[in-house]
Amino acid sequence: MINIEIDGKQLQVENGRSVIEAAHQAGIYIPHFCYHKKLSIAANCRMCLVQVEKAPKPLPACATPVAEGMKVYTASEQAVKAQKGVMEFLLINHPLDCPICDQGGECELQDLAVGYGGSASRYQEDKRVVLHKDIGPLVSAEEMSRCINCTRCVRFGVEVAGEMELGQAFRGEHAEIMSFVDGAVNSELSGNMIDLCPVGALTSKPFRYKARTWELSRRRAVSPHDSLGSNLAALVMNNRVMRVDPVENEELNECWISDRDRFSYEGLNSEERLTKPMLKQGGKWQEVDWQVALEYVANGLRQIGKEAGAAQIGALVSPGSTLEEMHLVQKLVRGLGSHNVDFRLRQSDFSADGKMQGAPWLGMKVAEVSSADRMLLVGSFLRKDHPLFASRIRQAVKRGAQVNLLHSADDDLLMKLANKAIVPPSELVPMLAQILQAVATSKGTHLHSSVQSLVQGVVVSATAKTIAENLAGGERAIILLGNFAQQHPQAAQLQLLSQHIAALSNARFGFIGEGANSVGGYIANAVPAEGGMNAAAMLASPRKAYLLMNVEPELDAHNGQLALEAMKSAEMVVAMSSYKHKAMDYADVMLPIAPFTETSGSFINAEGRLQGFRGAVKPLGETRPAWKVLRVLGNLLNISGFDYDTSEAVRDEVLGGRDVSASMNNTLQGLVVQPAPVSTGMQRVADVPLYATDSIVRRSAPLQATRDAQTPAVQMRSDDLAKLGIKAGDTVKVTMGQNTVQLTASVNEGLPAGVVRVAAGRAETAGLGAMFGAISVERV
Amino acid sequence: MNAPILLNTSHFDQPWTLENYLKVGGYQALRKVIENKMTADEIIAEVKASGLRGRGGAGFPTGLKWSFMPKNYNGVKYLVCNSDEGEPGTCKDRDILRYNPHSLIEGMAIAAYTMQVQTGYNYVHGEIYEAYERMEDACEEARKAGYLGNNIIGSGFSFDLHNHMGYGAYVCGEETALLESIEGKKGQPRFKPPFPANYGLYGKPTTINNTETFASIPYIIREGGKKFADMGVPNSGGVKLFSISGHVNNPGNFEVPLGTPFKKLLEMAGGVRNGNKLKAVIPGGSSMPVLPGEIMMDLNMDFDSIQKAGSYLGTGAVIVMDETTCMVKALERLSYFYFEESCGQCTPCREGTGWLYRIVHRIEKGEGRPEDLDLLADLCENIAGRTICALGDAAAWPVQGFLKHFRSEFEYHIEHKRCLV
Amino acid sequence: MLSDQIKTRIDRELAKYPADQKQSAVMAALRFVQDEKGWISNDDMEDVAGYLGMPHMAVYEVATFYHMYNLKPMGKHTLTVCTNISCMLCGSSEVVDYLGKKLGIGLGEVTADGKFGLREGECFGACVDAPMFTINNKRLCGKLTNAKIDEILAELDKQ
């Protein structure tokens, strides 16, 4: 520790800290623009100049390390003269368009100009004009004359997002922030540049000119789009979410959010919102009262239960549903006598059910991922599935962590990988088995009988050995299973192998988790037990009645085509949804339920953290919070225990004072390993594109205008394409079983040989079928 | 005059060849350190004794700089030569590169041996391509002769030197901007600390010296530091190359001992052109404050004398202006230069250099305002000392110097909307 | 596409730097492109970026930072005249005027036949030879007089 004095305050500061950090730690504000605690030091704005005793000139507080006995004056005559001098320079070329600037009210330049700016300008010349840029549908760079060249956006791209998309071109007074040849900024984290920009140069394009910031009220929310549980602020005006900002939570999203979290709100205001209950009668949809709709549902379910048996009723729940919603759905279904309820819609292997010792979870705190020194990532489109997990790992890599990847696609994670094994889906288990064998061999241990059959006969490849050695070389090694691993047809085996590798390498392991409530779904028991059917089984043997909770089956299920057929063949489909979606084709009742901003509720994120939230706005139209809808439905069906006054009461019932963490456990016991089906021919690899994950993002127009939301193509290695006589750009017929779709072919050299990548979660590919399995491609 | 030290091959038709360099004792200093197994401390002591101060403009004691390199560090280290000579008025290093490239190579090899560095880069100003090519050839020659590369003259010590060409950015003369430039980036200076000795090229410990500084080393080692020091005056040891440009009859580079009277130097350059009256002199490259001719005529060319008179020896580039020079026009051109060359990183420099230029420009055009001179002075205070590198200072000092000594000429311009001369 | 000749020249430069520091050759690579094509297009920058494994924007930053790169087509012979202080004192504005009159173009312009381009430069570091210009950033011609300029232009015109 180092003793320094700032403005007369005696402070003890960690060695290596800068003066600005020391000051902020002591609650002393030093004006600044380019400094940001999460970015490298640029020291270019010069706003933080302070007086330091014995220094001949003012020094930048951001780039001056503390030294023993240092005396700093942040508001002395010398310091203030320097700060005011800088402010004058910043303002001479800054446009005077504050009245129409979106940043107005939350502009760091405006705020500091109040304290440090002059009342009149001594600059009599013409102000500099910097041309506007088009950098894509999310970030507006329409007023680059406002830019003060602090380069926060550039540093964010390089350091946090992992890719240099913006740069500072030209020099001197002509320096400009821009992308190369006006290209779009495609980063899945690009919106953070808006927050980082201290002025109104980079602003939110969807929010542009929509409201003045002081007209907005901030309401806390939690992201429903992935398992991180990013903390959000919904900025609301006239009962409408106008913008979403991050709320800093160092343990989860730090000060960032992904573009999906930031811009999905545009989907909340979509034209497709379902705002009134609807009944299909005589093949025609009619808007009806809630009472009518719910009575219809209750009667229908009761009748099917009575006539065909309760087991003919199944409920499919989105993993982004709240804990309360999940609890009430399963309680309702079970109250009807069925156990067919599931939220694991994209999972295909359920052999672990009944063998798990608890809810699968991250296996560690999110923040602990940052301190891992060795990682093995199994089956994950990490950057797109979990943008901020990726960023956290990227930072860890910068600090020296080594990441090994086992996956079926070599997408650029924008971080240095220590080793990678890119293999077809059918080889994931064998490759992981090799790694386990390599670990076991090096440790000289015998493997547990439960995994013996998996490693039997495997020949350890050099890659597997290297990865095993890499993992074993760490002190804080972790193994993370991604969405792809969880969706894999041998997901349980991947889990079992990871479990044993972790045990032998003294590593921790866990699941990143697909949905906002992937852990909560287990806690709420929205999974089949006692002989109920899981999500896949409910679709494979169609039920007579389905209750859908925020589910678009053809897009959200592992096998969209099968799901669609099941829905079509059902006698009754009750779609609880925020949107009029494809269910309009086959459902009988559409019940408008509130999206996350219009209801209270809670999510349990990947690390088991329960985060509650209240509605940011009132439900749109006649939309109702789903927990209230289910409460009424429970009462109409005379199921006992549906008398909740608040969603908190529902939550209390779920948790009943129990510790969530005690219910989480990744250990598998007694798994019977089934031999994998022999795969021949081409295999499908399916990612769920970033902006196709759930019904809200699918309806966010700005997100749908990004590169990540482009119409999916059939991707193959060029040599595989050549074998089929196909060129990139050709229209091809893609077939899985009986199902066929037509798509455009494209080259992806990062795929293993024999793999055909076709995205799931998209209407264009929904007709194809399962996310894994045999697939063929031919010229049209 | 003594025989030249820095340009000691200049009497040959092809002064740049290795053959000719060897004839004047070339590479003997390198042999001396190797054969005598001189220790780093011994070499540094010799350099300190020479009183050699950096010839790139800042005048930092070279021996002291060398001692900053981490001692017990076994990783990669770099040695860099700053031949990015772009300070207006300065063109002395160019003559070393063109006419005595091996003196630079030998000086760098000795420095590398001292600091146990295996790789060096020589960053050559982009506009002097012929000098770059000359250096490339000389390095190849030295490599073939065993003065560069692996196992230099059988010593077991290896050092290779590569030339890197700039391409039009004055700011790269700033040592950390130069490092950034070698790394293939924009030449934007780094803030300090950390200093290059700890975090230099590619983040490795690095020592950077000017061309002329390195070229002085062989003599110092061969003949002894004291002999070099004694040629100059106290605190300004040795000889130095002065570039004399502007209004003189015989512009050129002149190697003289530090402390030589300006008057004598001016004579060597043939005096003021056409027998005109000397008006003003910038004594150390364009960034240094201008001094009136009459003050200069009484000064000696050494660090302390010039500093006492209110300017700096800088690079030793002497820009001579005769009575026909409009000082407003001269400052306008200089201000334009700093405006044009600001890297754009720091606010005061990015915004301030353009402002300075525009004010001087409007005064020159006859559109100046009475308050402009005070405004200029105030802006200079807000730029100098407020930026990462010295380009801010370099932009402010000429303005301050011109206003200090020639304010009346600026006032005349403002009042009469025309030139005094 | 980068020509084989450019690639060979880049490879030679790459040998100067550590293997993991390919970016160090970017300035040279852009220079080679300009040597061959007279200027550097955005496509060229992409090619250089690809060859050196750099982000496009990082190449663009470099190309726009250093002023000797031509970011638009210039003449077959581009003359860059230094107008800085020492050259100014020695008549660089007369040189610019004379060249302008002879070639019929101003600074930053190219003759209609594409033969000559004219640029203004900052200090070349050859001040004792003022006034001066460079030809295609290669050859430096100093102590210019109108007669000497006539001679040089005539010589270039023949090439």
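Rules used in this analysis
- Residues numbered from 1 in each chain as written.
- Chains lettered and ligands numbered in written order.
- Predicted model: local features only at pLDDT ≥ 70, side-chain atom pairs only at ≥ 80, totals over all residues.
- Heavy atoms only, no water.
- Pairing = 2+ DSSP bridges.
- Helix = DSSP H or I, 4+ residues; strand = E, 2+ residues; numbered from the N terminus.
- Axes fitted to C-alpha atoms, helices over the stretch in contact; angles between N-to-C directions.
- Contact = heavy atoms within 4.5 Å.
- Buried < 20%, exposed > 50% of the residue type's maximum accessible area, 1.4 Å probe, protein only.
- Right-handed = clockwise from strand over helix to strand, strands pointing away.
- Buried area = accessible area lost by both parts, 1.4 Å probe.
- Salt bridge = Lys/Arg side-chain N within 4 Å of Asp/Glu carboxyl O.
- Polar contact = N/O pair within 3.5 Å; in protein donor to acceptor, adjacent residues only side chain to side chain.
- Nonpolar A, V, L, I, M, F, W, Y, C, P; charged D, E, K, R; others polar.
- Parallel < 35°, antiparallel > 145°, perpendicular 65-115°, else oblique.
- Domains from an automatic or database assignment.
- Disulfide = S-S within 2.5 Å.

Draft legend 1. Geometry of the sheet that holds strand β2 (residues 116-121) of chain C. Residues and elements named next belong to chain C. Strand order in the open sheet made by the four strands is β2-β1-β3-β4, with mixed pairing throughout. Here the strands that pair on one side only, and so sit at the sheet edges, are β2 and β4 (139-141). In this sheet, neighbouring strand axes are inclined to one another by 25° on average, regardless of whether the strands run parallel or antiparallel. Pairing between strand β1 (residues 77-82) and strand β3 (residues 133-135): three bridges, direction antiparallel. What sits directly across from Leu79, in β3, is Ile135. Those strands touched by helix α7 (residues 146-158) are β1, β2, β3 and β4, and its axis lies near 10° from that of β3.

Draft legend 2. Structural detail: the pairing of strand β3 (residues 160-165) of chain B. For β3(B), a buried count of six out of six residues is recorded, marking the element as mostly surrounded by other parts of the structure. Following the backbone out of strand β2 (residues 119-124) of chain B, through helix α7 (residues 129-144) of chain B and into the adjacent parallel β3(B), one traces a crossover that is right-handed.

Draft legend 3. Region of the structure containing the interface of chain B and chain A. The interface is formed by 34 residues belonging to chain B together with 32 residues belonging to chain A. Taken together, both faces of the contact between chain B and chain A bury some 2,900 Å²; the carbon and sulfur share is 49%. At the junction of chain B and chain A, the tally comes to seven salt bridges. A salt bridge links Glu351(B) to Arg128(A); the shortest N-O distance between them is 2.9 Å. Across the chain B-chain A interface, the total number found is 18 residue pairs in polar contact (both at pLDDT 80 or more). Counting residues per element, the ones that place at least two in the side of chain B that touches chain A are α14 (327-341), α15 (347-364) and α16 (372-383) of chain B. For the side of chain B that touches chain A, the element with the highest residue contribution is α15(B), accounting for nine residues. Grouping the constituent residues of the side of chain B that touches chain A by class yields twelve nonpolar, eleven polar and eleven charged.

Draft legend 4. Main features of the packing of helix α6 (residues 101-115) of chain B against helix α9 (residues 211-223) of chain B. Residue and element names in this part refer to chain B. Axis separation between α6 and α9 bottoms out at 7 Å; the angle between their running directions is 75°. Looking at the two axes, α6 sits roughly perpendicular to α9. Judged by residue contacts, Ser103, Leu104, Glu106, Gly107, Met108, Ile110 and Ala111 of α6 engage Thr211, Phe214, Ala215, Ile217, Pro218 and Ile221 from α9.

Draft legend 5. Spatial organisation of the domain arrangement of chain C. Domain assignment breaks chain C into domain 1 (4-65) and domain 2 (77-157). One C-alpha centre belongs to domain 1 of chain C, the other to domain 2 of chain C, and the line joining them spans 28 Å.

Draft legend 6. The arrangement of the state of the cysteines in detail. Tallying each qualifying case throughout the model produces zero disulfides over all chains. The thiol sulfur of Cys98(A) is not disulfide-bonded, and the nearest other cysteine sulfur, from Cys101(A), lies at 6.4 Å. Looking at Cys81(B), it has no disulfide partner, and the nearest cysteine sulfur is the one in Cys139(B), 10 Å off. Since its relative accessible area comes to 0%, Cys81(B) is described here as buried.

Draft legend 7. Representation of the pattern of salt bridges. Residues and elements named next belong to chain A. As enumerated under the stated definition, the model contains 88 salt bridges over all chains in all. For the salt bridge of Glu143 with Arg208, the shortest nitrogen-to-oxygen distance reads 2.9 Å. Note that Glu143 is positioned in the loop between β7 (139-141) and α4 (152-161) and Arg208 in the loop between β10 (203-204) and β11 (217-222), a separation of 65 residues in sequence. Here Glu143 falls in the buried class, since its relative accessible area comes to 16%. Given a relative accessible area of 21%, Arg208 falls into the partly exposed group. Taking the shortest distance from any N to any O, the salt bridge between Arg392 and Glu254 comes out at 3.8 Å. Within this pair, whereas Arg392 is found in helix α11 (residues 387-398), its partner Glu254 is found in the loop between β13 (240-246) and α6 (259-263), the two being separated by 138 residues in sequence. Across the pair, exposure class does not vary: Arg392 and Glu254 are buried alike. Through salt bridges that share partners, Glu272, Arg346, Glu514, Glu552, Asp556, Arg698 and Arg699 make up one connected network.

Draft legend 8. Focus on the interface of chain C and chain B. Each partner contributes to the interface: chain C provides 42 residues, whereas chain B provides 60 residues. Of the roughly 4,200 Å² buried between chain C and chain B, counting both surfaces, carbon and sulfur atoms make up 58%. At the junction of chain C and chain B, the tally comes to four salt bridges. Here Glu122(C) makes a salt bridge to Arg333(B), at a shortest N to O gap of 2.9 Å. Inspection of the region where chain C meets chain B yields 22 residue pairs in polar contact (both at pLDDT 80 or more). Contributions of two or more residues to the side of chain C that touches chain B are made by α2 (26-37), α4 (56-65), α5 (85-89), β2 and β4 of chain C. Residue composition of the side of chain C that touches chain B, grouped by class: 20 nonpolar, twelve polar and ten charged.

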